[in-house]
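# Fold and geometry: a report
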Amino acid sequence: MRRPRRIPNVAPATSSALPRSLRSLHLPPRALAPVFLLLVVLFSTIAYFFSATASVPLRHSGRPLSSRRPLSLPPAPSSLFSSSLESRSTPPDGPRGRVLLEPPSSQLFDGVADRLQSIVGRINSPLESKAKRVKLGDLSVSEMGIGTWAWGNQLLWGYNEEMDAELEEVFELCVSKGINLFDTGDSYGTGRLEAQSEKLLGEFLSSLSESQRGDINFATKLASYPWRLTPTQFLRAAQKSQERLQGGLKIGQLHWSVSNYAPWQEKALWDGLLLMKDEGIVKEVGVSNYGPKQLKKVYDYLKSKEVTLGSNQVQYSLLSRRDDIIEANNERGILTIGYSPLCLGLLTGRYNETHLPKSQVRRQLFKQLLPKAKPLLDELNAVATSRGKTMSQVAINWCMAKGCVPIPGAKTKAQAIENLGALGWTLSKGEVEALDTAASRSKVETVQNIFMTQ
């Protein structure tokens, strides 16, 4: 029998090394481990309470606390408390500012609760947490999905076919962590790469086991092209998408409303949604880029035909806070799916005014938005540092805290791993409010989709 390896110079734990009060319990040393863990958490909480008395309401020479660190992706902390203690003691950039103390308020106790919730969030590793499920009609979909706009888009995202092998790894990794909602569109990819995103998803699906394939929900957005004038033409578009997706299409969505420029075509497209549901091409139907007023119209129309609208997909992020749409969706039992939760990458913290994306479209957009978004980016960085998360993970988690199913994109395995780090924890109420306040102070919103309706 193999003898266990001895660790030299370490004295074995004995009951005599324990305090008299604990030795009197006559418990074996191993049984006392939970007690010591509880004591560590208790004393750490007390220490945080007293340190917060002198540090929570700090102002550094009039500068907001959220600006105390340069924008960067925060590294994983070496312990549960070191990161936050360091951030509270770090002075602002440049000369040391005068610290002004204010008397603690009732919010101090809320801060203790927020801190404990933050600790729980850190314990969950992104690769140990699996996505929970929410309802989309009769389907059960993951609380976060993956958007595949970049899987075939050359202009904005620089796609090329050499990426396909890693994209398949991204797909398989996400599936293994409980992600079963993948959003695409028949307009994702043009010319030689027409509908490339759908084709890739279909190929990746075919490599899964039969049980895995049955759990996957592909949602495609069918473009409201001007030549799709009849319900039958819209139905044929859905059938072609189903073929490219190799049977995985579950949710058929109208990509945008034509009510702003061709209102006479709108009803035919709605009838197309009804037809694809009646023909069994999809299990649920949804819309995209619908504001509250137009949403009510399509919902009432489908309901009059005994069909339920399952989802409404809109741009939703800290720089596009359409809570009025979420409220309108919730009133009708419609799931909100949020695209661009990272605002095309602006909320990741990877870019600044001297380091911009290669894409000319995104470069010009970021030049306009980055200076105005600084208060929000600073607060995102502060929350991320306190949590031991990245800014991307905080931004995605904020969407989920608002009742939205975000669908961030992922072109690489590293991006997918980072997205998955948004699972398994929840921002506190105080953190959500702080981010909302910072977003309001930024006084900037990202460019809205030109097809977005009222």
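Definitions and limits used
Residues numbered from 1 in each chain as written. Predicted model: local features only at pLDDT ≥ 70, side-chain atom pairs only at ≥ 80, totals over all residues. Heavy atoms only, no water. Helix = DSSP H or I, 4+ residues; strand = E, 2+ residues; numbered from the N terminus. Buried < 20%, exposed > 50% of the residue type's maximum accessible area, 1.4 Å probe, protein only. Areas by Shrake-Rupley, 256 points an atom, 1.4 Å probe, with all protein chains shown as cover. Expected span 1.5 Å × (residues − 1). Arc of directions from axis to C-beta. Contact = heavy atoms within 4.5 Å. Pairing = 2+ DSSP bridges. Phe/Tyr/Trp six-rings, centres within 6.5 Å; stacked < 30°, edge-to-face > 60°. Lys NZ or Arg CZ within 6 Å of the ring centre and 35° of its normal. Salt bridge = Lys/Arg side-chain N within 4 Å of Asp/Glu carboxyl O. Core = buried A, V, L, I, M, F, W, Y, C linked by side-chain atoms within 4.5 Å.

Turning next to the overall build of the chain. Summing up its helical and strand segments, the chain has 16 helices and 12 strands in all. With 454 residues in all, the chain has 49% of them scored as buried. Just so you have it, the chain exposes about 22700 Å², and 56% of that area is on carbon and sulfur atoms.

A word on helix 16 (residues 429-442). The end-to-end C-alpha distance of helix 16, which contains 14 residues, comes to 20 Å, matching closely the 20 Å that a straight helix rising 1.5 Å per residue would cover. Among all positions in helix 16, only Glu431, Val432, Leu435, Asp436, Ala438, Ala439 and Ser442 are buried. The buried residues of helix 16 occupy one face: seen down the axis, they fall within an arc of 165 degrees. Close packing links the buried residues of helix 16 with helix 12 (360-372), helix 13 (374-387) and helix 14 (391-401).

A few words on the sheet that holds strand 10 (residues 309-315). Pairing between the strands of a sheet comes from backbone hydrogen bonds, and it takes one of two forms, parallel or antiparallel. Strand order in the open sheet made by the 8 strands is 5-6-7-8-9-10-11-12, with parallel pairing throughout. Two strands lie at the open edges of the sheet, namely strand 5 (146-147) and strand 12 (405-406), each paired on one side alone. Across 4 bridges, the pairing between strand 8 (residues 249-254) and strand 9 (residues 284-288) is parallel. Its bridge partner lying in strand 9, Gly252 is registered against Val285.

Enumeration according to the criterion identifies 11 aromatic pairs in this entry. An angle of 65 degrees between the planes, with centres 6.0 Å apart, marks the rings of Trp151 and Phe204 as edge-to-face. You can see Trp151 sitting in the loop between strand 5 and helix 5 (164-176) and its partner Phe204 sitting in helix 6 (residues 196-206), a full 53 residues away along the chain. A centroid spacing of 4.5 Å and a plane angle of 20 degrees characterise the contact between Tyr225 and Trp227, whose relative ring orientation is stacked. Chaining the aromatic ring pairs together yields one cluster made of Trp151, Phe171, Phe182, Phe204 and Phe218. Lying across the ring of Tyr299, Arg332 places its NZ or CZ 5.9 Å from the centre.

Pairing between side chains becomes possible if they bear opposite charge and their charged atoms approach one another. Across all of its chains, the model carries 13 salt bridges by this definition. Lys374 serves as the salt-bridge partner of Asp378, at 2.7 Å between the closest nitrogen and oxygen. Of this pair, Asp378 and Lys374 both sit in helix 13, separated by 4 residues, roughly a single helical turn.

Grouped together as the largest cluster of nonpolar side chains are 96 residues, with contacts concentrated most on Phe182, Met276, Leu346 and Leu347. Setting aside residues no more than four positions away along its own chain, Met276 makes contact with Leu222, Phe234, Leu235, Ala238, Gly252, Ile281, Val282 and Val285. Membership of the second largest hydrophobic core comes to 11 residues, among which are Val141, Leu335, Ile337 and Ile407.

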